[in-house]
Each structure stands twice: as structure tokens, then as C-alpha cells.
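Residue-level listing of the chains:
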Amino acid sequence: MKLGWTLYGDGSAPPPGESVAPGERLSWGRTVGLGAQHVVAMFGATFVFPVLMGLDPNLAIMMSGLATMLFLLIVGGRIPSYLGSSASFVGAAAVIAGSGGGPAVLTGAVCVAGIVLALSGFVVHLLGPRVVTAAFPPAVTGAVVLLIGFNLAPVVAENYWPFDQWTGLAVMVFVILATVLLKGFLGRITILLGLVFGFALSLAADALLGPAVGPDGAAAPRVDLSAVREAPWVGLPEFHAPQFEASAVLVVLPAVIALIAENAGHVKAVQEMTGDDLDPYMGRAIAADGIATALSSAVGGAPTTTYAENIGVMAATRVYSTAAYWVAAAVAVLVGLCPKFGALVAATPAGVLGGVTVVLYGMIGLLGAKIWVENRVDFGDPVVLVPLAAGLVAGIGGVSLEVTEGFSIEGIALGTIITLAGYHALARLSRRGRGADPVAEPAPPPAGADG
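The following paragraphs examine the structure supplied in this document.

Cut-offs applied
Residues numbered from 1 in each chain as written. Predicted model: local features only at pLDDT ≥ 70, side-chain atom pairs only at ≥ 80, totals over all residues. Heavy atoms only, no water. Core = buried A, V, L, I, M, F, W, Y, C linked by side-chain atoms within 4.5 Å. Buried < 20%, exposed > 50% of the residue type's maximum accessible area, 1.4 Å probe, protein only. Contact = heavy atoms within 4.5 Å. Phe/Tyr/Trp six-rings, centres within 6.5 Å; stacked < 30°, edge-to-face > 60°. Lys NZ or Arg CZ within 6 Å of the ring centre and 35° of its normal. Salt bridge = Lys/Arg side-chain N within 4 Å of Asp/Glu carboxyl O. Helix = DSSP H or I, 4+ residues; strand = E, 2+ residues; numbered from the N terminus. Axes fitted to C-alpha atoms, helices over the stretch in contact; angles between N-to-C directions. Parallel < 35°, antiparallel > 145°, perpendicular 65-115°, else oblique. Left-handed = near helix turned anticlockwise from the far one by under 90°. Nonpolar A, V, L, I, M, F, W, Y, C, P; charged D, E, K, R; others polar.

Right, let's get into the nonpolar core. Counting 109 residues, the largest nonpolar core has Phe47, Phe49, Leu52, Met53 and Tyr361 as the members making the most contacts within it. Sequence-distant contacts of methionine 53, defined by excluding residues within four places in its chain, comprise Ser86, Phe89, Val90, Ala93, Leu106, Ala302 and Pro303. Judged by nonpolar contacts, the second largest core, of six residues, contains Tyr8, Val20, Leu26 and Ala324.

So, about the packing of aromatic side chains. This structure, assessed with the given rule, holds three aromatic pairs. Ring geometry for tryptophan 372 and phenylalanine 379: centres 4.9 Å apart, planes at 75°, overall edge-to-face. Take tryptophan 372: its relative accessible area is 13%, and that puts it in the buried class. Its end group placed over the ring of tryptophan 233, lysine 340 keeps NZ or CZ at 5.2 Å from the ring centre.

To continue, consider the pattern of salt bridges. Opposite charge on two side chains lets them pair, provided their charged atoms get close. Taken as a whole, this structure holds three salt bridges when the rule is applied. A salt bridge links aspartate 206 to arginine 222, with the shortest nitrogen-to-oxygen separation between them at 3.0 Å. Placement of aspartate 206 in helix H9 (residues 190-209) and of arginine 222 in the loop between strand S5 (219-220) and helix H10 (226-230) is noted, with a sequence separation of 16 residues between them. Several salt bridges converge on common partners, so that one network encompasses Asp164, Asp206 and Arg222.

As a packed pair, helix H4 (residues 103-127) and helix H13 (residues 282-298) sit with axes 7 Å apart at the nearest point and diverge in direction by 160°. By the criterion of interaxial angle, the relationship of H4 to H13 is roughly antiparallel. H4 and H13 meet at a crossing whose hand is left-handed. Contact residues: H4 offers Thr107, Val110, Cys111, Gly114, Ile115, Leu117, Ala118, Gly121, Phe122, Val124 and His125, while H13 offers Gly283, Arg284, Ile286, Ala287, Asp289, Gly290, Ile291, Thr293, Ala294, Ser297 and Ala298. Among the residues forming the contact of H4 with H13, the class breakdown is 12 nonpolar, eight polar and two charged.

Among the structural elements, proline 237 can be located in the loop between H10 and helix H11 (246-252). Apart from residues no more than four positions distant in its own chain, proline 237 is found in contact with Asp56, Asn58, Leu59, Met62, Gly336 and Leu337.

Our focus in this paragraph is the environment of lysine 268. Within the secondary structure layout, lysine 268 lies in helix H12 (residues 254-274). Of the residues examined, lysine 268 reaches a relative accessible area of 16% and is grouped as buried. The spatial distance from the C-alpha of lysine 268 to the C-alpha of methionine 282 is 8.6 Å, given a sequence separation of 14 residues.

As C-alpha cells, this is what we get:
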């Protein structure tokens, strides 16, 4: 990719009905302003998801900037997108943590998933984008996304909510009301607003009511800012090497299905907006996300994915210039070099996370149902109904299949295997073949599908 852009007109905003192409740019002042919008759009989810996965938010934000630069280079600047932290691995992170695995085990598993995603992108590039729908039809993709979200319900109930239930309840109500009542930009960052509200509420509760009593009966302040005071303003994030365990890898691999569908949907969405034929670049986009995820997790960072929030910014401004994304990526790298910011994010109280995640995890799960609705999946067809029903109950219910004495498949991994293998086996047995869904293309995910 040549790092140069053609100036659009005189550099001012496009008039109604016109747009700025990916290879064009506005004046540098306006481009920097647009880059700032992209930073704000990705920021909330990009630091929330690493916190939920037990990873360093500073490193996640810095790596998201580097991942975006890498993505733009791999797709030749044809697909304007920002790569922020992925929500698809949050469920797997909770399962791995619950079984005693630390951040190194998680990032090791995510690194393998990134490699698998990259290889999938190469296959799509060689065989064409229709292979995505054939392998992962909307019925299966929707089930996996729903499974990823709803499998997180016990995490909220057991890990976050009990530490400060009333703060959690207040934050939950705030997020619900804000999501419904706030419009425009504020309506797109309600999770971030909920965290800010919960943080302020926890500080006030500590001052007025004293320490909170946790589920173990021990009293402790809701907010501990000691690490923030000790952290320097400028410095490198905390890196760590990945650790590879087969059981953890099996837990995270189902997320690859969601990421393939998500990337394909985002490419289609950008194609609709720009009018460019981006099908030849779909494989590149999927591979780029996989490579970025593998590289990020190899140094201890969070997995990445293309962000619908930033696609929404483009839809609103009709400016598709990749120059704005390079600006946003550079700003993200600079923010990641401020350890004090990371320490502040890490100080978010457990009760606040409980109030946010009870809404967020449910929304992630319901995006799977939205895929079914938008693609008019026929649940009257037993080829669809039976394997999905079995896979969802097995995955959400925590059914376990012991393969050997020390190795078992359960949760998201088992539910995905039952759904995917069952669907394709029944489709073949019924002589309907692959791609038996009533539509040929997956619908683009809605804004916020990733964050």
C-alpha cells in the first residue's frame, strides 16, 4: 500500500449525496478530527473487553492501533476499518479463568485461534467468499454467537454481581435507560457511560457508607486507587508470553466462526457504503484480523476484530478515507503508552462490572438471535431445529464430555461441535447439501456487534 491520499476537492467536508473514497482525504485538520471520532467510537469497547478478560487494557489499546495499521496494509487500503478488542473471546476467557488458567493460558489459546482465523482467510481468498456461507450458514453462526453470550450468565452471577449487588443494580438500570433514551453519539457509548457512572457511584458509596462487604464476609473499599497513584504517566504496557494448553484452545476455537461471519458482514457493509466491489478482498480482511489477533496475543494483548462502531462513524460522515484510520491508530498507540490510564481502568469495581456485563453479555447473545431473524432462518426445518437445540442446551447448560481421564470437552466448545457437525451431517443425510439456509449471504452485523 502506498501511504498517500488524493485531496478531496478543496479538503472540506463532502456535500450532501457525495462521499470521500478510501484513497482520498480531507484537509489534515479535518482528517485529524475524523480520526479523533474513530478513537472515541472504538475506545469504550476496546478497553472494556480486556478488563473482562483479565488482560492489560493499555496493551490492548496500543495493539489495536498496531493491528489497524497492519490490517490496512494487508488489504491494500481498500477496506477502511478499525480493529478493536473482540468480545467473542470473553466467554472463553471466563471459562479458562474458572478452571484455573491465567492470562498466559488465555493468550496462548487466542494466539492459536488467530492463526486458524488467518488460515481461514487464506482459504476464503483462494476459494471465494461464498465458502463462508457454505461452511458457516446463518443458522449455525447465529447459534454460536448466542452460545458465546448466554454462556457468560454464570460469570455475572458468580464473579461480579455478589461483590456489590446494589451498585450493580444501579449501573444496570442506568445502562438500560441510557441505551433507550440517549440518541446519537451518546447512545453508542452507553457501556462506557455506565462504567463512568458506576465508578462515581462507588466512590460516593465508599465515602458515605464505608467499605463494601463481599460474599466472603470481608470488608474492602469498592475503589482502590493505590495502583493509579504509583503508575507512571509514560511507559510500556505489561507484556507476557503465551502459554499453550490444548483444553484452553478447544474452548476458544468456536469464536473463530463468529469472527469469520463478523468480518464478512463488515466487508459487505463497507461495500454497500462505498460502492466498491470488495469481495476479492474478503479473504484478505479475515486473514488480516487473524494475523493481528495472533500477533497481539503473542505479546499478551487482547484479540482483535473489525469494529461496527467505526463503520457507523463512516456511515454518518460519508468519509471513508483510510487516512482517518491511520490517525486513530497512531493515537491508540500513544494512549497505550500511558500506564496510569491502564491502572485507572483496572481499578473498576467488581460491582460496576456486574451491572455492565449483565446487559452486555445478554446483548452479545441476542445478536445471534438477530442473525436468525435477519436471515429468516426456518426453525420448522428439523435440519436446523434439532442440532441447534441440542448444541445450545449442551453449551449453555455446561454439559461435559470426558474424552480421556484428564481431558474433556464442555461448554461453548461442545455446543459448537454439536451444532456445526450436527447441522452439516443432517443436511447431507437429507440430501439438501451445504448452504441449506434460505438465504445465500449473511447479513451485516448491527452497530456494536463486536463491542
